Amino acid sequence: MSAQSLLSTDAAFVEASRPDEQDTQSSNNTGSAPLSTTTNQSMEPSSHHIPYYPCEIIGPVIHTHFTRPTTTYWQDIIPTSSIASLPYSTAPPYQYSFAASLTPDTSLLLPIRPLGNTTNGIAVCSLALPHASMTVVKELARIVASKIRKFNPEVVMGLPTGGLVLAPFVAEELGFDRHIPWGYSKKPWYGDQLTTKISCLFDKSGQGPPVYLDPNLLSLVKGKRIALIDDVISSGTTMSAMLKFLTDKDVVDEEAPSGVANDETRKEVADTKTREGGMGLNVVCVGVGMLQGDVYKKELSADVVRMIVGAVESPLLKAVEGGWIQR
């Protein structure tokens, strides 16, 4: 499939007004705008007039700054040589997508997704692995596996949601028959010790869901060299917390009631309390589908940064006239 196939008719652009007219028309027009095919002239900035911004209604949000539905993305690996044939800007300022390099000859188009309460301020390049084709996931896994092989991992551990899509294929590339999955579902036999919270870029602070590890799998990772797999690393905050939980030694609340006279009894009482701290595991590397910007390098220690690899890299973006540039 060619790069131009991403401009399919089922994702036709909605013709939008000029930026200085958008607020007025948005408040007066409650119906759906007519669909039309946007011309190259309306998509390319000109020094003679203010460019038209293609408008898309994606869910409840109207995106008015070079953003389009992601329906056809993450499905094909394209020749890098074909990127220049796309009928929109693939160099700064980027429009609609960013071409991430997979190999010297191949690329993956990543859709640009705005962040925050406004859709016109800042954005990221998105990689949604649960939406991706098997072809794309397998190629990302091949690249990740080739980069983490030097760490000599003995087991692959996947984080939900996107990491669980990538981890089985990374494990297969490394010659393993299984991987160790974390999950969102808590079974009756899990208890409260092998759990922590994770979040993604779109979660509000402190509102990420808890994840759980089946205690029956603990014997498969104790004492092993672990490759931790996720879909994307961006700010590094979630990865920092997850690595701390996985690698810190077990810390038991040893506060015992008065009258406990010996260490053995104290330990029995402490074991009934909630554990604090981590699992004491040996994570030797982290593999992700995409390194989203480089903010994570400031959040994580230099030693941790050195053990992180990604299949592709993408910049963090901010809006300018005519598209998006690196921020």
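Just so it is clear, the structure is predicted and the values come from calculations on it, not from any experiment.

So, how was this worked out
- Residues numbered from 1 in each chain as written.
- Predicted model: local features only at pLDDT ≥ 70, side-chain atom pairs only at ≥ 80, totals over all residues.
- Heavy atoms only, no water.
- Core = buried A, V, L, I, M, F, W, Y, C linked by side-chain atoms within 4.5 Å.
- Buried < 20%, exposed > 50% of the residue type's maximum accessible area, 1.4 Å probe, protein only.
- Helix = DSSP H or I, 4+ residues; strand = E, 2+ residues; numbered from the N terminus.
- Contact = heavy atoms within 4.5 Å.
- Phe/Tyr/Trp six-rings, centres within 6.5 Å; stacked < 30°, edge-to-face > 60°.
- Pairing = 2+ DSSP bridges.
- Axes fitted to C-alpha atoms, helices over the stretch in contact; angles between N-to-C directions.

**Regarding the nonpolar core**
Logical step 1: Judged by nonpolar contacts, the single largest core of 80 residues is most densely connected at I148, V170, W182 and L228.
Logical step 2: No other element matches helix α3 (residues 134–148), which puts eight residues into this core.
Logical step 3: In contact with I148, not counting residues within four places along its chain, are P153, V170, L174, A227, I229, C285, G287 and V309.

**Looking at the packing of aromatic side chains**
Logical step 1: Tallied over the entire structure, the rule returns four aromatic pairs.
Logical step 2: Here the aromatic rings of Y88 and Y96 are separated by 5.1 Å at their centres, their planes lie at 75°, and the arrangement is edge-to-face. You'll find Y88 and Y96 in the same group, each marked buried.
Logical step 3: Seen from their ring centres, W182 and F245 are 6.3 Å apart, and the 70° between their planes marks the pair as edge-to-face. One end of the pair, W182, is in the loop between β8 (180–181) and β9 (195–197); the other, F245, is in helix α5 (residues 237–247), and 63 residues separate them in sequence.
Logical step 4: Taken together through their ring pairs, the aromatic side chains of F66, Y88 and Y96 make up a single cluster.

**Regarding the pairing of strand β4 (residues 97–101)**
Logical step 1: For β4 and strand β5 (residues 106–115), the ladder comprises five bridges, and the chain directions are antiparallel. Following the sheet pairing, S101 is matched in β5 by S107.
Logical step 2: Taken together, β4 and the strand that follows it, β5, pair antiparallel across an intervening segment of four residues.

**Regarding the sheet that holds strand β7 (residues 155–158)**
Logical step 1: Spatially, five strands are ordered β8-β7-β11-β14-β15 in an open sheet, and the strand pairing comes out parallel. The open sheet is flanked by β8 and β15 (308–314), the only strands paired with a single partner.
Logical step 2: Bridge count between β7 and strand β11 (residues 225–233): four bridges; the pairing is parallel. Bridge pairing links G158 to I229 in β11.
Logical step 3: Docked against the sheet, helix α4 (residues 162–173) engages β7, β8, β11 and β14 (282–292), running at close to 135° with respect to β11.

**A few points about the pairing of β14**
Logical step 1: Taken across its eleven residues, β14 has ten buried, putting it largely inside the fold.
Logical step 2: Of the strand pairs in this sheet, β11 and β14 are connected by eight bridges, and their pairing is parallel. The partner of A227 across the bridge, within β14, is C285.
Logical step 3: Bridge count for β14 against β15 is six bridges, and the pairing is parallel.

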